[in-house]
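Report on the structure
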Amino acid sequence: MLLNITPQLANVAETIGGWYPALRVVYAVIGTVFSAMLAYKVIYRIIGLFFTRKFKPAKKQHKYAIVIAARNEEKVIGNLLDSIAKQDYPKELLTVFVVADNCTDKTAEVARRHGAICYERFDDEHRTKGFALQFLFERIGEDYGRESFEGYFVFDADNLLKSDYISRMNDSFDEGEKLITSYRNTKNFDESWVASTYALHWLRSIRFNHRARSVLRLATNIQGTGFLFANEIVKDGWKYTSLTEDRALTADAVAQGYAITYNDAAEFYDEQPINLKIALRQRLRWSKGHLLAFAETGPYLFINVFFGKRFLKTRWRENEKRRGKRSFKELCLSVLESIRHRAASYDTLMQLTPFSVINIIRWLLVSVIVYGFYCGVHGIGGVNFFSKSTYLGQLMYFLFPVKITVESGAGAVFLGMLIQIWLRLLYRVGMYIENTWVAIYIFIIERKRIKKMPLYKKALYTLTWPTFDIIGRYTQYVALFKKVTWKPIPHESKVTIDDLNSDGISKENMSEKSADKKTPQKA
């Protein structure tokens, strides 16, 4: 008998153990399918190494509103507004709006003193940034009319803009792009190892995702701040009020047929958390928002992959119905647009799909529980103590070629489960070490735009960098079961845009960008 328990329970345990050979095949097939589904990302990395989309100087200067949601940001919002005031873009074409959201400090006073139009909001029940933006767009609609501005920039209070930021984004907007994100740099990169993990993550997103998607005319993802969209996005107001309004906007925009492009020449800075406790709180909110965005928009993206824009109730669809008979050229362009939209929908769906959650569930069920009962039935026969799935595992196996053999029985059940948990931990540590190459790559490839810092800090940040993905993985597990509420992230950095310019960051890039810049016609 397998276990020293009732025959009925022993039979159940033996039955579960008997499933393992078949489930192991299913487990491997699922893993192979997932790998194949994400294999296209390799192409992104290759493209991102060499290319990004470039935009011609704009022929027209468009009229924009800049919207900023701020909660108790009196220490930093003035520096953002100063950097906006120093833009090389006509001041009469820019209007800055701030919503002081449930503030208990002088945020509103500072914003008005620096020339912004500031509305104050007090609603502690609806706390997210999305609700603050919803309130702000309602006020803009009432007092100015949302369509009186051609486009809207969204920034956080801790951001700082390079002097040509809006001009560069205007180049993209003038080419007809409706949603544009930009180069996200970090003003406190070397303030702590926690801040450095965020900074490297944003730069990885640029090289691994944004640049390639812009070249291929697909849809990249909005990342919280530093983006521009056409007024048609908010013609009916701002509706993205979840924990992560950026993910919701990205998913909904792609589902509705919009492209989201990236402008590598438009550079801004923001402040990253320096405290691990604050970072964990923020990452948990991101993870919960990620799951919610997948649940809300994932089905629509899935439908789009197979049916394209056929079921979309958008202006695009209305225009298609009115057009009637089309020329051969229009038909070809329509086919290409359908392919682009389906590919963008698939890419966004892959980004939203919580693969880490799916993988941990199938691992627990098959590799831990069912395998444990399988060991109880058949025993453990010569299992390697060190898995060879990573370079670390291969090294450990070479040094210590230990094998485990245990006879069937209750002890083998629990030992089999423990072995799988140990091998999983060893695999994760091995991947942790291997993933340090990403930080090395970023420090080399983005050296002209990264804040200057001592070599020992770069070495430290290279070693601590993989914790960003580790935290993301485990906060997603927690987010499945935990109720998450929105809480503000404190910003206290006194760094100004002049400090960053005087530090030598991007001076060479800035001079190269401005060399052939033409003066466009005003709106």
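Located above this text is the structure these notes cover.
Everything in this summary refers to the structure shown in the same document.

Cut-offs used in this document
- Residues numbered from 1 in each chain as written.
- Predicted model: local features only at pLDDT ≥ 70, side-chain atom pairs only at ≥ 80, totals over all residues.
- Heavy atoms only, no water.
- Buried < 20%, exposed > 50% of the residue type's maximum accessible area, 1.4 Å probe, protein only.
- Helix = DSSP H or I, 4+ residues; strand = E, 2+ residues; numbered from the N terminus.
- Arc of directions from axis to C-beta.
- Contact = heavy atoms within 4.5 Å.
- Polar contact = N/O pair within 3.5 Å; in protein donor to acceptor, adjacent residues only side chain to side chain.
- Axes fitted to C-alpha atoms, helices over the stretch in contact; angles between N-to-C directions.
- Parallel < 35°, antiparallel > 145°, perpendicular 65-115°, else oblique.
- Left-handed = near helix turned anticlockwise from the far one by under 90°.
- Salt bridge = Lys/Arg side-chain N within 4 Å of Asp/Glu carboxyl O.
- Patch = residues over 30% accessible without salt bridge, like charges linked within 9 Å, V, L, I, M, F, W, Y side chains within 5 Å.
- Areas by Shrake-Rupley, 256 points an atom, 1.4 Å probe, with all protein chains shown as cover.
- Lys, Arg positive; Asp, Glu negative; His and termini not counted.
- Charge placed at Lys NZ, Arg CZ, Asp CG, Glu CD.
- Pairing = 2+ DSSP bridges.

Once that is clear, we can look at helix H3 (residues 41–50). One full turn of an α-helix is made of 3.6 residues, so residues set three or four places apart face in the same direction. For H3, the set of buried residues is Tyr44, Ile47 and Gly48. Along H3, the residues classed as buried sweep out an arc of 100 degrees about the axis, all on the same side. Those residues of H3 that are exposed and aimed more than 90 degrees away from the buried face are Val42, Ile43 and Phe50. Where H3 is buried, its residues meet helix H8 (193–215) and helix H12 (328–352).

All right, on to unusual backbone geometry then. Phi at Asn72 takes a positive value of approximately 50 degrees, unusual for a residue other than glycine. Looking at where Asn72 falls in the secondary structure, it is placed in the loop between strand S2 (64–70) and helix H4 (77–85). When its relative accessible area of 34% is taken as the criterion, Asn72 is described as partly exposed. Positioned with a positive phi, Arg217 is a non-glycine residue whose angle comes to about 60 degrees. Locating Arg217 in the fold gives a position in the loop between H8 and strand S8 (227–230). Overall, Arg217 belongs to the partly exposed group, its relative accessible area being 41%.

Moving on, we come to the side chain of His210. Looking at where His210 falls in the secondary structure, it is placed in helix H8. Residue classification places His210 among the buried residues on the basis of a relative accessible area of 1%. Of note is the side chain of His210, whose polar atom sits 3.1 Å from the side chain of Gln223.

Direction vectors running N to C along helix H9 (residues 245–255) and H12 enclose 155 degrees, while the axes themselves pass 9 Å from each other. Judged on the interaxial angle alone, H12 and H9 are roughly antiparallel. Read as a crossing pair, H9 and H12 show a hand that is left-handed. Across the interface between the two elements, Thr250, Ala251, Val254 and Ala255 of H9 pack against His341, Ala344, Ser345, Thr348 and Leu352 of H12.

In this structure the tally under the stated criterion is 28 salt bridges. Between Asp498 and Lys86 there is a salt bridge, with the nearest N and O atoms lying 2.6 Å from each other. Here Lys86 lies in the loop between H4 and strand S3 (94–101) and Asp498 lies in helix H19 (residues 497–502), a separation of 412 residues in the sequence. In this structure Lys86 comes out as partly exposed when scored by relative accessible area, which is 43%. Where Glu138 meets Arg139, a salt bridge forms, and the shortest distance between an N and an O atom there is 3.8 Å. By relative accessible area, which is 37% here, Glu138 ends up partly exposed.

On to a positive patch on the surface, then. A cluster of basic residues, Lys277, Arg281, Lys482 and Lys487, forms a positive patch on the protein surface. Residue position: Lys277 is located in helix H10 (residues 276–307).

Looking now at the sheet that holds S2. On the basis of which strands lie adjacent, the open sheet formed by eight strands has the order S4-S3-S2-S5-S8-S7-S9-S6 and mixed pairing. Across the chains shown, the open sheet's two edge strands, defined by having one partner strand only, are strand S4 (117–121) and strand S6 (160–161). Where strand S7 (residues 179–186) lies against S8, three bridges are found, and the strand directions are antiparallel. Within S8, the position partnered with Ile180 by the bridge is Leu228. Sheet strands touched by helix H7 (residues 165–174): S2, S3, strand S5 (151–156), S6, S7, S8 and strand S9 (261–270). Its angle to S9, the strand with the most contacts, is close to 160 degrees.

Remember, this is a structural readout, not a statement about activity or role.
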